[in-house]
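# Per-entry structural report
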Amino acid sequence: MEIYLDNSATTRCYPKVAERMCRLMTEEYGNPSSLHHKGVEAEQALREAKKILANNLKVQEKELYFTSGGTESDNLALIGAAFANQRAGKHLITTAIEHPAVLRAMHYLEEQGFRVTYLPVDGDGRVSVTDLKEALCEDTILVSVMYVNNEVGAVEPVEDIGALLKERKKPVLFHVDAVQAYGKYVIHPKKLHVDLLSVSGHKIHGPKGMGLLYVREGVKLKPLLYGGGQQKDLRPGTENVPGIVGLGEAVREIYTDFEGKRERLYGLKEQFATGIGRLEGAAVNGKVGRDSAPHIVSVSFAGVRSEVLLHALEERGIYVSSGSACASNHPTVSGTLKAMGVKRELLDSTLRFSFSEFTTEEEISDCLKALGGLLPVLRRFTRH
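The notes below deal with the structure included here. In this text, all values refer to a predicted model and were calculated from it rather than measured experimentally.

## Describing the overall build of the protein chain
Across its full length, the protein chain carries 12 helices and 12 strands. Since a compact globule built from 384 residues should have a radius of gyration of about 21 Å, the 21 Å found for the protein chain is in line with a globular shape. With respect to the three principal axes, the spread of C-alpha positions in the protein chain is 65 × 55 × 35 Å. Counting every position in the protein chain, which comprises 384 residues, the buried fraction comes to 55%. Within the protein chain, residue pairs in contact and separated by at least 24 positions form 75% of the contacts whose partners lie at least 6 positions apart. Summed over all atoms, the accessible surface of the protein chain reaches about 17200 Å², with 51% contributed by carbon and sulfur. If you average the places of the 48 positive and of the 49 negative side-chain charges in the protein chain, the two averages end up 3 Å apart.

What follows is the structure, given as structure tokens:
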């Protein structure tokens with residue numbers, strides 16, 4: 001038995017995605033910059049994928065740039081925007097619960113002389129629009145707020161923030177890390193007044209090593225890389241055609257019968273959260289209703305270390321996470337949980353369960369049964 005409940009870390013590729021990418025790596029393998037037939041063939045595949053993505057986001061194709069993943073997209077957006085617009089000011093605003101790709105980019109910018117405000121969040125992991133409004137000043141040039149938190153599934157008020165920034169006389173760029181939101185929400189950056197939007201392929205049953213950055217026309221970014229001039233010199237290097245096409249295929253697939261898939265995920269989340277409520281000493285962090293992301297549940301288990309429980313579940317073929325997979329090589333206390341005010345003794349007793357359209361009700365039931373059997377045993381072991 002194998003039950004995979006770590007879909008916020010990565011997802012299984014759609015079969016159609018893997019098949020299409022295999023053809024591009026073994027048959028249609030030309031360089032899109034080459035002038036011969038193989039190159040033209042690759043360029044056509046790239047353009048078709050870009051059209052799918054632009055139509056989905058309701059943006060222009062020329063506003064999309066392909067990267068190596070969400071981390072690069074975040075870094076290009078933040079560092080690129082900060083350096084390109086620093087004459088207008090050197091103040092940046094973000095939240096205390098952002099992904100490391102944002103937080104560490106902000107730390108780097110602080111080393112370069114920028115001033116960063118890290119906004120707090122409430123007990124559900126949501127940032128206050130009022131707090132953000134009060135933090136804005138004449139020197140502010142960029143605000144970065146994630147759409148969905150990767151640890152607890154909190155949904156941030158990006159639409160309200162976009163509307164607030166749109167009203168300002170002095171322009172302030174708005175970046176949204178939508179890595180955990182894309183594929184779970186219909187996202188139209190222009191409607192949300194978002195200037196920069198980051199997406200990752202492997203969170204939506206697409207390929208790893210494939211990211212997307214939406215850059216609103218007119219927004220200036222300084223490139224992080226220099227090379228052969230591809231993608232208008234903003235992100236040079238031979239395009240990852242199999243990855244780009246795989247991303248396009250994944251987007252087309254995940255947004256087919258989209259509402260049905262979302263409703264099913266919310267049903268699984270409700271089933272899981274209800275079952276957690278019946279377990280002694282177990283508590284969900286944040287919201288679990290329709291005002292939270294449909295695929296993420298963070299649970300604290302009093303009296304049991306997260307790593308111990310994680311491996312006990314793994315022995316039963318159940319795969320979960322102790323937090324952000326991107327921070328797993330540098331284990332620290334979760335900044336998100338601390339910012340939410342989770343009790344200190346629970347910070348190292350929390351697991352993240354995340355679902356996908358491949359998750360079944362039977363798997364949820366089996367996971368709950370496993371937890372119900374393991375927790376009393378592990379707590380007795382811990383006490384002795």
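## What to know about the layout of surface pockets
Taken as a whole, the second largest pocket holds about 420 Å³ of empty space. Together, 23 residues line the second largest pocket, and Pro171, Val172, Leu173, Asp195 and Arg216 are the ones closest to its centre. For the lining of the second largest pocket, the secondary-structure elements that each account for two or more residues are strand E5 (140-144), helix H6 (158-167) and strand E6 (173-177). Ranked by residue count, the leading element in the lining of the second largest pocket is H6, at 3 residues. Among the residues making up the lining of the second largest pocket, the classes are represented as 10 nonpolar, 5 polar and 8 charged.

## What about the environment of Asp160?
Along the chain, the position of Asp160 falls in helix H6. Asp160 sits in the partly exposed class, given a relative accessible area of 48%.

## Examining the nonpolar core
Among the nonpolar cores identified, the biggest contains 67 residues, and Val143 and Tyr147 are the most heavily contacted of them. One finds Leu265, Phe272, Val297 and Leu368 within the second-largest nonpolar core, a separate group that totals 29 residues.

## A look at the packing of aromatic side chains
Each aromatic ring pair is summarised here by two numbers: the centre-to-centre distance and the angle between the ring planes. All chains considered together, the criterion is met by 9 aromatic pairs. Where Phe83 meets Tyr108, the ring centres are 6.5 Å apart and the plane angle is 75°; that geometry is what we call edge-to-face. On the criterion of sequence distance, the pair formed by Phe83 in helix H3 (residues 70-84) and Tyr108 in helix H4 (residues 100-111) is long-range, its members being 25 residues apart. Residue class for Tyr108 comes out partly exposed when judged on its relative accessible area of 33%. Residues Phe301 and Phe353 carry aromatic rings whose centres are separated by 6.3 Å and whose planes lie at 70° to one another, so their mutual orientation is edge-to-face. Here Phe301, found in strand E10 (residues 296-301), pairs with Phe353, found in strand E12 (residues 350-354); they are 52 residues apart in sequence, far enough to count as distant.

## Topic: the state of the cysteines
All chains considered together, the criterion is met by 0 disulfides. Sulfur of Cys22: no disulfide; nearest cysteine sulfur belongs to Cys13 and is 12 Å away.

## Here's the deal with the sheet that holds strand E9 (residues 282-285)
A sheet is described by the order of its strands in space; here 3 strands give the open sequence E9-E10-E12, paired in antiparallel fashion. Of all the strands in the sheet, just E9 and E12 have a single pairing partner and so form its edges. Here the average twist between neighbouring strands, direction ignored, is 30°. Across 4 bridges, E9 lies against E10 in antiparallel orientation. Counterpart to Val284 in the pairing with E10 is Val299.

## A short note on the sheet that holds strand E2 (residues 64-67)
Here 7 strands make up an open sheet; going across it, the order is E2-E8-E7-E6-E5-E3-E4 and the pairing mixed. Two strands bound the open sheet, and with one partner strand each, they are E2 and strand E4 (115-119). For this sheet, the mean inter-axis angle between neighbouring strands, taken without regard to orientation, is 20°. Taken together, the 3 bridges between strand E3 (residues 91-95) and E5 define a ladder with parallel strand orientation. Within E5, the residue paired with Leu92 across the bridge is Leu142. Most of the contacts of helix H2 (residues 37-57) go to E2, to which it runs at about 120°, and overall it touches E2, strand E7 (196-200) and strand E8 (211-215).

## A closer look at the packing of H2 against helix H8 (residues 241-254)
A packed helix pair is summarised by two numbers, namely the angle formed by the two axes and the spacing between the axes. Running from N to C, H2 and H8 cross one another at 35°; their axes reach a closest spacing of 9 Å. Viewed along their axes, H2 and H8 form a crossing whose handedness is left-handed. Of H8, the residues touching H2 (which contributes Ala42, Ala45, Leu46, Ala49, Ile52, Leu53 and Asn56) are Val241, Ile244, Val245, Leu247, Gly248, Val251 and Arg252. Considering only residue class, the contact of H2 with H8 consists of 11 nonpolar, 2 polar and 1 charged.

## Comments concerning the pattern of salt bridges
Scanning the model with the defined rule gives 17 salt bridges in all. Residue Arg20 pairs with Glu28 through a salt bridge whose shortest N-O separation is 3.2 Å. For the residue pair Arg20 and Glu28, the accessibility class agrees, reading buried in each case. Here Glu43 and Arg47 are joined by a salt bridge, their closest N and O atoms 3.1 Å apart. With Glu43 and Arg47 both in helix H2 and 4 residues apart, the pair spans about one turn of that helix.

Conventions used here
Residues numbered from 1 in each chain as written. Predicted model: local features only at pLDDT ≥ 70, side-chain atom pairs only at ≥ 80, totals over all residues. Heavy atoms only, no water. Helix = DSSP H or I, 4+ residues; strand = E, 2+ residues; numbered from the N terminus. Rg over C-alpha atoms; globule rule 2.2 N^0.38 Å. Buried < 20%, exposed > 50% of the residue type's maximum accessible area, 1.4 Å probe, protein only. Contact = heavy atoms within 4.5 Å. Areas by Shrake-Rupley, 256 points an atom, 1.4 Å probe, with all protein chains shown as cover. Lys, Arg positive; Asp, Glu negative; His and termini not counted. Charge placed at Lys NZ, Arg CZ, Asp CG, Glu CD. 1 Å grid on protein atoms, 1.4 Å probe; cavity = no way out; pocket = protein on both sides within 12 Å on 5 of 7 lines; lining within 4 Å. Points joined across faces, edges and corners; volume = space filled by probe spheres on them. Nonpolar A, V, L, I, M, F, W, Y, C, P; charged D, E, K, R; others polar. Core = buried A, V, L, I, M, F, W, Y, C linked by side-chain atoms within 4.5 Å. Phe/Tyr/Trp six-rings, centres within 6.5 Å; stacked < 30°, edge-to-face > 60°. Disulfide = S-S within 2.5 Å. Pairing = 2+ DSSP bridges. Axes fitted to C-alpha atoms, helices over the stretch in contact; angles between N-to-C directions. Left-handed = near helix turned anticlockwise from the far one by under 90°. Salt bridge = Lys/Arg side-chain N within 4 Å of Asp/Glu carboxyl O.

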